[in-house]
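Per-entry structural report
Residues per chain are reported as follows:
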Amino acid sequence: MESEIQKNRFRQEREELKKMERTVNNCPFRTRYHIMPPVGWLNDPNGLCQFRGIYHAYFQYSPLSVHGGGGYWGHCTSTDLLHWEYKEPVLTTDIPEDAGGVYSGSALIENDHMYLFYTGNVKLPGNYDYIDSGRISTQILTESDDGQHMSGKTKLLGAEDYPENITRHVRDPKVWKEEGTYYMVLGARARAWDKEGERSDRGGVLIYMSQDKKNWSLWSELVPDKKFGYMWECPDIFVLSGTRVLSYCPQGLPAGEEKYQNIYQSGYSILPVGITAKIDSVFREWDPEDTFREWDMGFDFYAPQSFETEDGRRILIGWAGVPDTENAHRNLSVENGWQHCLTLPTELVYHSGKIFRKPVSELSNLPWKDVAADKADGKYRKYHWADQAVAVKEDGIAGGERCLLIGQEDNGLTVRVAGNKVELTFLNRDGQPSICGGGRRVRIGRVEDRVEELFVLIDSSIVEVFVNGGETVFTTRIYLDKKDRNLAADGRCRILAI
Ligand code: FRU
């Protein structure tokens, strides 16, 4: 049963959608195969699952403000992970424990029933210290028979249940079942001090266990002794080809020359032990820096979540955006009343200690057509597109040099390949920060050996570059007028459109 508060807030969403529908839908930056907010703002993917054959994707949603602020879980469904149907939101703030936001969380499907776990966030009014006192994070369960109507909000864990050394930042439950036991991993910020006695908090995760999904007790506290960021958000734990993987989003890593280039990072570590061994002692000595690999090397990627399909694939979807960068990021969809999208779903494949992110196979089932013919000089293929999705495909690169230009030379993005290196650069001739990429102009990613193949998908305002079948991936938003949607690619590639 919907509460009165909830009904009222869902009505506000419908009104905003009605008011903005035409502007949003006429925006040239709307995508065809990527999840977007129907109106307003979107951030993290939540509750990803396949339920009775249908894919459900929920997302952090702020229909009433294009600049975020939260308050809703948006919802869409799909039968092929590419065409999404937008539904009404499913969750909003209507109890004291989630008054400040229905934050990120996950879905568990069991016995033909859906269980959603999320964080209710509260920031106390006034001049509070939001790290140690003024924030309340509650882990909450709600349930559904159809994926659309949620019933009940059961409080599972609150401040009194977290370990002493953990600050008020505890969130983003990911729940799974293993050998008859339920596990919940939560992102956390632990209180810590450096050698000089200065406050120097540490990121980590808490793992709780339960036999009934309602009563939870702490299983492991995993805060490495060696600091790796001050907070970890959106953790996820899963098994891929018999290997245990921890996915997490550390905040506060100093940028290296090529790595950790976005404001916050997201990546994974292959864990040294199984979950059923108590792992906190192992993790005390564990150095995440040694094992951490970024999920994506592009300008726009954060807060991914994975789920297992009914046919056994492990799919990962991220937010094609990053928090706290809006001022630097000239996102041109904002003036049309919406902002951000999710990435293409990618299938995770474990290979020699590394995880590859391949575009889901459904993508190749779309009726793509080869479009660009060879240029007379045989050097470049060119193509102008406006409303289509386009893809550039090239194999047999063997570490050679290649260049792809998306857009115009004074307002575009180049993808350059040489040896084992791929470089994305936003172009702007006048030397000013480019209109794309929020002033961050260059991103570099490398593969182990050499670049063999490249697959670039462009869906209106999002570019995803898959190198060597997903060994390295770049996700980047780009805002080109339709007249500027030109492609110039090496003559040996194929250009496909749909
Ligand atoms: C990550 C995040 C999560 C939180 C959510 C709130 O982008 O900060 O930790 O649950 O966004 O929208």
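Since we're looking at a predicted model, the values are computed, not measured. (Residues numbered from 1 in each chain as written. Predicted model: local features only at pLDDT ≥ 70, side-chain atom pairs only at ≥ 80, totals over all residues.)

Let us now look at the domain arrangement of the chain. The domain architecture assigned to the chain consists of domain 1 (4-358) and domain 2 (367-497). Computed over C-alpha atoms only, the centres of domain 1 and domain 2 are separated by 30 Å. Listed by partner, the interface residues are 32 residues for domain 1 and 27 residues for domain 2. With four residues, strand β22 (residues 354-359) is the single largest residue contributor to the side of domain 1 that touches domain 2. Partitioned by chemical class, the residues of the side of domain 1 that touches domain 2 number 12 nonpolar, 11 polar and nine charged. (Domains from an automatic or database assignment. Contact = placed C-beta atoms within 7 Å. Helix = DSSP H or I, 4+ residues; strand = E, 2+ residues; numbered from the N terminus. Nonpolar A, V, L, I, M, F, W, Y, C, P; charged D, E, K, R; others polar.)

Here we come to the nonpolar core. Judged by nonpolar contacts, the single largest core of 118 residues is most densely connected at Met184, Val205, Leu206, Val456 and Val465. Residue contributions to this core peak at seven residues, all from strand β11 (residues 181-190). Here this core gathers at least three residues from each of two domains, domain 1 (4-358) and domain 2 (367-497). The residues contacting valine 205, other than those within four sequence positions of it, are Val185, Leu186, Gly187, Ala188, Leu222, Trp232, Pro235 and Tyr248. (Core = buried A, V, L, I, M, F, W, Y, C linked by C-beta atoms within 7 Å. Buried ≥ 20, exposed ≤ 12 C-beta atoms within 10 Å, placed from the backbone.)

Around the ligand sit 14 residues, and of these Gln60, Tyr103, Ser104, Glu233 and Ala303 come closest. Elements that contribute at least two residues to the shell around the ligand include exactly β1 (40-51), β6 (102-110), β10 (166-178), β14 (231-240) and β18 (302-308). Here the residues of the shell around the ligand are counted per class, giving five nonpolar, five polar and four charged. (Near = placed C-beta within 6 Å.)

With that out of the way, let us pick up the pairing of strand β2 (residues 54-62). The buried fraction of β2 amounts to eight of the nine residues, a majority that puts the element mostly inside the structure. Of the pairings in the sheet, the one linking β1 to β2 comprises seven bridges and is antiparallel in character. Paired with phenylalanine 51 across the bridge in β2 is isoleucine 54. Between β1 and β2, which follow one another and run antiparallel, lie two residues, and arginine 52 among them has a positive phi close to 50°. Pairing geometry for β2 and strand β3 (residues 72-78), over seven bridges, is antiparallel. (Pairing = 2+ DSSP bridges.)

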